[in-house]
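Remarks on the overall topology
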Amino acid sequence: MSEDSQDGGIDRRSFLKGAAAAGAVAGVAMAATAKAASEQTGKPAADPGDANWDGAKFIPHPGSDFMVDVIKSLNIDYIASNPASSFRSLHESLVNYGGNRKPEFLTCMHEESSVAMAHGYAKAAGKPMAVLAHASVGLQHASMAVYNAWVDRVPVMMFAGNGMDAAMRRPGTEWYHSVQDPAAMLRDFVKYDDQPASLQHFAESTVRAYKMMMAPPQEPVLVICDIDLQEEHVHGEKLSIPKLSLSSPPQADAGALREAAKLLVGAKAPLIIADRCARSQEGVDTLVQLAETLQCPVVDTGNRTNFPSTHHLNQSAARGRLVREADVILMLEVADAWGMMNSLSDPWKKQRRVAKPDVKLIHITLADYVMKSNYQDMQRFQPADLAISADAQTSLAPLVEAVKRELSSTRAAELASRADGFRKQRRDAHERAKADAALGWDARPVSTARLAAEVWNVIRNENWCLAVSDRIDWPRRLWPATKFHHMLGGSGAQGVGYAAPGAVGAALANRDKGILTVTFQPDGDLCYAPGVLWTAAHHRIPLLIVMYNNRGYGREIMHLQTMSSAHQRDAKTAKIGTMIYDPEVDFAKLAQGFGVWSEGPITDPGALGPALARALKVVKGGAPALIDVVCQLR
Ligand SMILES: Cc1ncc(C[n+]2csc(CCOP(=O)(O)OP(=O)(O)O)c2C)c(N)n1
Ligand SMILES: [Mg+2]
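Now for a quick tour of the structure. Each chain has its residues counted from 1, following the order in which its sequence is written. Here every chain gets a letter starting at A, and every ligand a number starting at 1, in the order they are written. Totals for whole chains, interfaces and linings use all residues, but because this is a predicted model, local features are given only for residues with pLDDT of at least 70 and pairs of side-chain atoms are given and counted only at 80 or more. Think of the side-chain values as coming from all heavy atoms in the structure, minus any hydrogens and water.

Two strands are said to pair when DSSP picks up at least two bridges between them. A run of H or I in DSSP becomes a helix once it reaches four residues, and a run of E becomes a strand once it reaches two; helices and strands are each numbered from the N terminus. In spatial order, the strands read β8-β7-β9-β12-β13; together these 5 strands make up an open sheet with parallel pairing. Of all the strands in the sheet, just β8 (298–300) and β13 (386–389) have a single pairing partner and so form its edges. Neighbour-to-neighbour, the strand axes of this sheet turn through a mean angle of 15°, independent of strand direction. The sheet contact formed by strand β12 (residues 360–365) and β13 spans 4 bridges and is parallel. Across the sheet, residue Ile364 finds its bridge partner in β13, namely Ile388. Note on geometry: axes are C-alpha line fits, over the in-contact stretch for helices, and angles between N-to-C directions span 0 to 180 degrees.

Here it is, written out as structure tokens:
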């Protein structure tokens, strides 16, 4: 039975309001509508004796209006949602009482899309979006995207409707969709959750949730909106909304920073590895100061733009060699510290230490404060010689000061002499990348390097953002990413299905900032929940979507090839279950069906430039555009 049939297709509250105003005539019309709905669905019509049903009663001040007041107090611009009866009252309050402004309702076609949009948005906007999900079924759909955000340390303000009081649940679907403990589904990967039992409780838990979510390590949180709290009239209770004041992030202990500074200044071959370190341009700028003060190379993992790719100290391409040679390594919020120091061969699982056995490791991380253990996002245990529990970005400025205090003028001059060597290595690496990119320049299907180069040609004069920057390697090797907003990293947990909605969310944030957003969209990822294309079209979200369409689950094809080679069997079968062919998906038609301007499939690399220029025009006019490019596997 569909939800609509359960509701008889009627929005109870607006209907009741209308009925009260229009009197008996409306009452007759209402009864007729209920009868018609009953005939259609085979369900009994509402009891005409029900006081809610006879037009005599309406709800002048529903609890959901107060919930809107609470949400508005948090200065949230958008709330992404797929509509549902468990929050119909809150939905109506948002759009009527709240005027559909701050937050504005974003119509989503899948809960996973709602959350992934919020995820991408938060990284681009520097502030969270809210999500409103539907009890049991909506939270189940949302869960993987929440996990992605959790692993990526990104705040998402989750709300979900649910009916706690069993005696008040409408028979049928409302029972299927109600949960005794809805947050249980997500509890392993949200920082905080609550199921408030009163409106005052809702206000306090929501403000508490927001505050906890924003304190690094930033993570999703979940507050349940009880149906009866939403739909019941507020009977003059004294309600108040607590003031929101965010905690300042934990800065590293001064003594620990002094010790770190001593090690770094004295090191022969220091190295900085930055992972989920920067949350804003300030993080990038301060890391540049630190690296320059020490003339220390930086490896940026790419999960954020931590360090300008054009800087002579950005030596990300030489990570293996630098780790091997380093005597002191400063890690900044590195998720997989063990994986940086060691390698594990695939599929033979041979472990090899890459770093020197006596390398001194300093790690500034809040990982010790992520107190969940079921999902294994903590990676293999890697002890540090100097473990500093603190927010890396906030601790950089005092670390720069501590380094300066340790630095004699003689040592500063010695360190400065390193710069030319790094300049040369960086230039050489860039030249190598350009030469590698030229290989297969005219290949059909299009090479991913050519794809990246052609896209760069059309966006180079814009204030640009690559919304999902880990799907193909080339932009990181070729494009000058100098600002925090230039490249936003990936999904966090590699849960496929993030790329499309994550990019739409980032593009929404960037639209409001006047930044042009582009993304390389894998085909498999878009097939999970393509309805987000409609959301982008409907809400006029400008986004240049360049399909990196290798007509398959590329990474999985390679896994199959690895296995068939390990088993010494036919590798040609690797396409079974991994390639998306027979029929090939027509992504241009798919996009057009959702109201998105599109062209493709393009297989001729020469046709790419002009098509991208046409698409860019559409995007600059304020709408999404998609170019389907058939690409090489990698
Ligand atoms: C939710 C989920 N299901 C399955 C996987 C396994 N998986 C890893 S990569 C991949 C292929 C994704 O295909 P596509 O998005 O086209 O990217 P490509 O590998 O072709 O670059 C899959 C299915 C996953 N990571 N997440
Ligand atoms: Mg693919």
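This brings us to the coordination of the magnesium ion (ligand 2). Only nitrogen, oxygen and sulfur atoms qualify as donors, and only when within 2.8 Å of the metal (3.2 Å in the case of Na, K and Ca); with water excluded, sites may look incomplete. Those donors, Asp523 (OD), Asn550 (OD1) and Gly552 (O), are the protein atoms that reach the magnesium ion (ligand 2), and they lie 2.0 to 2.1 Å from it. Sequence positions of the donors to the magnesium ion (ligand 2) reduce to the motif D-x26-N-x1-G. Look at Asn550 and you get buried, because its relative accessible area is 8%. For every residue, the accessible area (1.4 Å probe, protein chains only) is compared with the maximum for its type, and the residue is labelled buried under 20%, exposed over 50%, or partly exposed between those bounds. Using a relative accessible area of 4% as the deciding quantity, one classes Gly552 as buried.

Positionally, Glu231 belongs in helix α10 (residues 227–231). Owing to a relative accessible area of 12%, Glu231 belongs among the buried residues under this scheme. Polar contacts here mean pairs of N or O atoms no more than 3.5 Å apart (in protein, one a potential hydrogen donor and the other a potential acceptor; neighbouring residues in sequence count only if both atoms are side-chain atoms). At 2.7 Å, the side chain of Glu231 forms a polar contact with the side chain of Arg88.

Another point: the pattern of salt bridges. Salt bridge criterion: a side-chain nitrogen from Lys or Arg within 4 Å of a carboxyl oxygen from Asp or Glu. Scanning the entire structure with this criterion turns up 28 salt bridges. Between Asp181 and Arg187 there is a salt bridge, with the nearest N and O atoms lying 2.9 Å from each other. In this structure, Glu599 and Arg614 form a salt bridge, with 2.7 Å as the shortest nitrogen-oxygen distance. Pair noted here: Glu599 is in strand β17 (residues 597–602) and Arg614 is in helix α25 (residues 608–620), with a separation of 15 residues, a long-range link. Under the relative-accessibility criterion, Arg614 is labelled partly exposed at 42%. One network of salt bridges, with partners in common, ties together Lys123, Asp152, Arg276 and Arg304.

It is worth spelling out the site of ligand 1 at this point. Proximity criterion: a residue is near a molecule or strand once any of its heavy atoms comes within 4 Å of it. Ligand 1 sits among 16 residues. The nearest are Gln494, Asp523, Gly524, Gly554 and Arg555. Contact distances for ligand 1 include 3.0 Å between a nitrogen atom and a backbone N or O atom of Val496. Contact between ligand 1 and Glu556: a nitrogen atom at 2.9 Å from a side-chain N or O atom of the residue. The set of elements that each furnish at least two residues to the shell around ligand 1 consists of α21 (523–528) and α23 (554–566). For the shell around ligand 1, the leading source of residues is α21, giving 4 residues. In this classification, the charged set is Asp, Glu, Lys and Arg, the nonpolar set is Ala, Val, Leu, Ile, Met, Phe, Trp, Tyr, Cys and Pro, and all remaining amino acids, among them Gly, are polar. Looking at side-chain class alone, the shell around ligand 1 contains 6 nonpolar, 6 polar and 4 charged residues.

Below, the discussion takes up the pairing of strand β3 (residues 130–134). Most of β3 is tucked away: 5 of the 5 residues are buried. Here β3 shows two buried faces, one formed by Ala130, Leu132 and His134 and the other by Val131 and Ala133. As defined by bridge partners, strand β1 (residues 78–81) adjoins β3 across 3 bridges and the pair is classed as parallel. Its bridge partner being in β3, Ala80 is matched across the sheet by Val131. Of the pairings in the sheet, the one linking β3 to strand β4 (residues 157–162) comprises 5 bridges and is parallel in character. When the sheet's bridge partners are listed, Leu132 is paired in β4 with Phe159. If the strands point away from the viewer and the path from the first strand over the helix to the second runs clockwise, then the crossover is right-handed. Chirality of the crossover, the property in question, places the unit of β3, helix α7 (residues 135–151) and β4 among those that are right-handed.

In this section: helix α18 (residues 448–459). An α-helix turns once per 3.6 residues; consequently, residues spaced three or four apart project the same way. Given a rise of 1.5 Å per residue, 12 residues ought to cover 16 Å, and the 17 Å separating the end C-alpha atoms of α18 matches this to within 8%. Counting buried residues along α18, 11 of its 12 residues qualify, which places the element largely inside the surrounding structure. Along α18, the residues that are buried comprise Thr448, Ala449, Arg450, Leu451, Ala452, Ala453, Glu454, Val455, Trp456, Val458 and Ile459. How far a helix is expected to stretch is found by multiplying one less than its residue total by 1.5 Å.

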